Amino acid sequence: MIYEIREYTAVPGRMPALLARFRDHTLRLFEQHGMALEFISLTEVGEDSSNELVYVLRFESYRELQDRWAAFLADPRWRQVKRDSEVDGPLVARIRRRILNSTPFEN
């Protein structure tokens, strides 16, 4: 099992549009592509506390992660949603991505 953490720093003033895109489209597309959302939130305290969306996806393997992201990014519905939501300019200034494994720790 692996987990992908993605942190999106929104373009100043564009967080409402980013949240709408996730709420109205992205989360449904994740589900349709078999991308298991474990957690999603806004950062409350920290470096980008007023402008950061964080979410975690779970995958069985790195291969599954690659395949599911490739299918998602190639999906014409996603491409249209992205294009439509960015008609007034980009929503995301920066994406930070980390992949974690579920290595157990011994006591």
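Before reading on, note that the structure itself is shown above.
Description of the structure in this document. (Residues numbered from 1 in each chain as written. Predicted model: local features only at pLDDT ≥ 70, side-chain atom pairs only at ≥ 80, totals over all residues. Heavy atoms only, no water.)

### Structural notes on the overall build of the protein chain
For clarity, the cut-off: Each helix is a run of H or I in the DSSP string that is no shorter than four residues. Each strand is a run of E no shorter than two, and both are numbered from the N terminus. In this analysis, two residues are considered to be in contact whenever any of their non-hydrogen atoms come within 4.5 Å of each other. Using a 1.4 Å probe, the Shrake-Rupley method yields the accessible areas, and only the shown protein chains count as cover for residues.
Within the protein chain, the secondary structure is distributed over 3 helices and 4 strands. The linear arrangement of helices and strands in the protein chain, starting from the amino end, is β-α-β-β-α-α-β. With respect to the principal axes defined by its C-alpha atoms, the protein chain has extents near 50 × 35 × 20 Å. Put simply, 77% of the contacts in the protein chain that link residues at least 6 apart link residues at least 24 apart. For the protein chain, the accessible surface area stands at approximately 6,900 Å², while carbon and sulfur atoms represent 52% of it.

### Focus: the pairing of strand β3 (residues 52-59)
Here is the rule: Any residue under 20% of the maximum accessible area for its type is buried, any over 50% is exposed, and the rest in between are partly exposed; the area is computed with a 1.4 Å probe on protein chains only. A pair of strands is considered paired only if DSSP assigns at least 2 bridges between the two.
Burial runs high along β3: 7 of the 8 residues are buried. Across 8 bridges, strand β1 (residues 2-10) lies against β3 in antiparallel orientation. Counterpart to Y8 in the pairing with β3 is L53. Relative to β3, strand β2 (residues 36-42) is paired through 6 bridges, and the arrangement is antiparallel.

### Let's talk about the sheet that holds strand β4 (residues 92-101)
Going by this rule: Fitted lines through C-alpha atoms give the axes, limited to the stretch in contact for helices. The angle between two N-to-C directions lies from 0 to 180 degrees.
An order of β2-β3-β1-β4 is seen for the 4 strands of this open sheet, with the pairing classed as antiparallel. Lying at the two open borders of the sheet, with one neighbouring strand each, are β2 and β4. Along the sheet, successive strands turn relative to each other by an average axial angle of 15 degrees, direction set aside. Packed onto the sheet, helix α1 (residues 15-32) meets β1, β2, β3 and β4 and runs at close to 15 degrees relative to β3. Packing of helix α2 (residues 62-74) onto the sheet brings it into contact with β1, β3 and β4, and relative to β3 it is tilted by some 120 degrees.

### Quick word on α2
Short version of the rule: A helix's residues, less one, multiplied by 1.5 Å, set its expected span.
Relative to the 18 Å expected for 13 residues at 1.5 Å per residue, α2 spans 18 Å between its end C-alpha atoms, a close match to the ideal helical length. Packing partners of the buried residues in α2 comprise β1, α1, β3, α3 (76-85) and β4.

### So, the environment of P12
Considering the arrangement of structural elements, one finds P12 in the loop between β1 and α1. Between the C-alpha atoms of P12 and A71, which are 59 residues apart in sequence, the distance is 30 Å.

### Observations regarding α3
Rules: To obtain the arc, one takes the directions from the helix axis to the C-beta atoms.
Along α3, the residues that are buried comprise W78, V81 and S85. Here the buried residues of α3 occupy an arc of 65 degrees about the axis, which is enough to place them on one side. The exposed set on the far side of α3, more than 90 degrees from its buried face, consists of P76 and R83. Residues of α3 that are buried sit in contact with α1 and α2.

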